[in-house]
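# Secondary and tertiary structure notes
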Amino acid sequence: MLDSSGEPRIPDDVVVAPLDLATRVDEALAVQALAFGLSEDEMGVRRHIVLRHLTSRGARARGATTADGRLVGFVYGMPNDRAHWWSTIVEPYLRNAGLGEWLDDAFVITELHVHPDFQGRGIGRALITDITDTAELPRSILSAIDIESPARGLYRALGYTDLARQVHFPSAPQPYAVMGAPLPLRRR
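Residues numbered from 1 in each chain as written. Predicted model: local features only at pLDDT ≥ 70, side-chain atom pairs only at ≥ 80, totals over all residues. Heavy atoms only, no water.

## Description of the packing of aromatic side chains
Both the distance between ring centres and the angle between the ring planes are used here to describe each pair of aromatic rings. For the coordinates displayed, the defined rule picks out three aromatic pairs. Considering the side-chain rings of Phe-169 and Tyr-176, the 5.3 Å spacing of their centres and the 85° angle between planes classify their relative orientation as edge-to-face. Judged by relative accessible area, which is 6%, Phe-169 ranks as buried. Every member of this aromatic cluster is reached through a ring pair, and the members are Trp-85, Phe-169 and Tyr-176. (Phe/Tyr/Trp six-rings, centres within 6.5 Å; stacked < 30°, edge-to-face > 60°. Buried < 20%, exposed > 50% of the residue type's maximum accessible area, 1.4 Å probe, protein only.)

## Details of the side chain of His-115
Structurally, His-115 can be placed in the loop between strand S4 (106-114) and helix H4 (123-133). Residue classification places His-115 among the buried positions, given a relative accessible area of 10%. In terms of polar contacts, His-115 uses its side chain to reach the backbone amide nitrogen of Asp-117, at 3.0 Å. Apart from the residues lying within four places of it in its own chain, the contact partners of His-115 are Val-31, Leu-34, Arg-70 and Val-72. (Helix = DSSP H or I, 4+ residues; strand = E, 2+ residues; numbered from the N terminus. Polar contact = N/O pair within 3.5 Å; in protein donor to acceptor, adjacent residues only side chain to side chain. Contact = heavy atoms within 4.5 Å.)

Shown next as structure tokens:
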């Protein structure tokens, strides 16, 4: 289903709203496992990371739920803190590109995942725009696997551009791109 601009329109039976991610972390990780291909062991590690992130200043989450309460997508993020692990990994890449200031006054999209059966329906767009609209910061940053993908296409459509590519995280088998966008995100 498309809206008047030709963009996918979120289904009428799906609602995007604030999410108590700590309470629904296992449901969210089940969505992430399907969307991103996580093993049970990886889900256990991610559970610990998500719960730790949620204690960070300004951390918040949004969920996409169906009329019967099924979680079909989620996003969470927080204002960047240069002391956090992610920031310490990407900082040299951004500094080398002359873009180190992107780590200041930025809202980090930590995770964004939509159940495969619900992808391509505007849910990811609705989740990320909803959460960044509440950020009260001038920009947003995120990292995504450094390949051409629907996710990278969505981020570009929203105004994100590549700040650094071929970023290597110690535990990731594939390199990532760090992307940034001014807020509010672009609408069509």
